[in-house]
Amino acid sequence: MRQNPSFTLADVDEIRRVIDGNPWATIVSDGPDGLVSSHYVALLDDDRDDLTIVGHVGRPDDRIHGMGERELLVVFQGPHGYISPGWYGDVQAVPTWNYTAVHLAGVPEILSDEENLAVLDRLVDRFEGRMPEPRRMWERPNDPAFVTRLASGTVGFRLTPTRVVAKRKLSQNKPAETIETVIAELEGDGPYAQPELAAEMRRAQQARAGGNR
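In this report, we go over the structure that sits alongside the text. (Residues numbered from 1 in each chain as written. Predicted model: local features only at pLDDT ≥ 70, side-chain atom pairs only at ≥ 80, totals over all residues. Heavy atoms only, no water.)

1. Focus: the nonpolar core
With 22 residues, the main nonpolar core has Ile 19, Ile 53, Phe 76, Val 102 and Leu 104 as its most contacted residues. For this core, the secondary structure elements donating two or more residues are helix H1 (12–21), strand E1 (24–31), strand E2 (34–44), strand E3 (53–58), strand E4 (72–83), strand E5 (96–106) and strand E7 (154–159). The residues touching Ile 19, leaving out its near neighbours within four places in the chain, are Leu 44, Leu 51, Ile 53, Phe 76, Val 102 and Leu 104. Core analysis: the second largest hydrophobic core is formed by twelve residues, Trp 87, Tyr 88, Leu 170 and Ala 198 among them. (Core = buried A, V, L, I, M, F, W, Y, C linked by side-chain atoms within 4.5 Å. Buried < 20%, exposed > 50% of the residue type's maximum accessible area, 1.4 Å probe, protein only. Helix = DSSP H or I, 4+ residues; strand = E, 2+ residues; numbered from the N terminus. Contact = heavy atoms within 4.5 Å.)

2. A short note on the sheet that holds strand E8 (residues 163–169)
The sheet built from eight strands is open, its strands ordered E6-E7-E3-E2-E1-E4-E5-E8 with antiparallel pairing. Edge positions in the sheet fall to strand E6 (109–110) and E8, since each of these pairs with one other strand and no more. By the bridge criterion, six bridges tie E3 to E7 in an arrangement that is antiparallel. Within E7, the position partnered with Val 54 by the bridge is Arg 158. Of the strands in this sheet, E2, E3, E4, E5 and E8 touch H1, which is tilted by about 100° from E5. (Pairing = 2+ DSSP bridges. Axes fitted to C-alpha atoms, helices over the stretch in contact; angles between N-to-C directions.)

Have a look at this one:
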């Protein structure tokens, strides 16, 4: 991801927020047969306050990625959407795309079976907990033998990144009144409405205003 100083996201707490809110990640590695990618959920490590993440891959993706032996690139994509040049007013402009993205790279640590089970349990709790009648991993009709058998088909990992690139391209290079117009369009009911992106732009705008005081 090409970095631009105007769009750099360097605040660790903000990067953690993006990861936590957008846990569906793309995992990329470069192996003997070339580039390969997979898609899995990854979460921030509960025991750390940095950008360490935990997750799992299904077998044989662990071998395909050389898990624990080669560097992985893990990509988290935040809110994003199309920005029409018509929203800029009567000025020269072209279409663009606003987005937030985080790239974490490093060689992952393979988790023990017990650690992997704990991560899987946490994953289920994280997402199933929002259901009106949650189905937890260890609750009936599941039994320990069933859970253990399924877990054996996965390989858990912990990645403490050695390289981090995070970018928040949210019209920061535009005048404040133009940003407000873009936000209003994204909050509206047009074909490219994207309220989550609007909220992200509003958050970034407020952060900039606070930093300029």
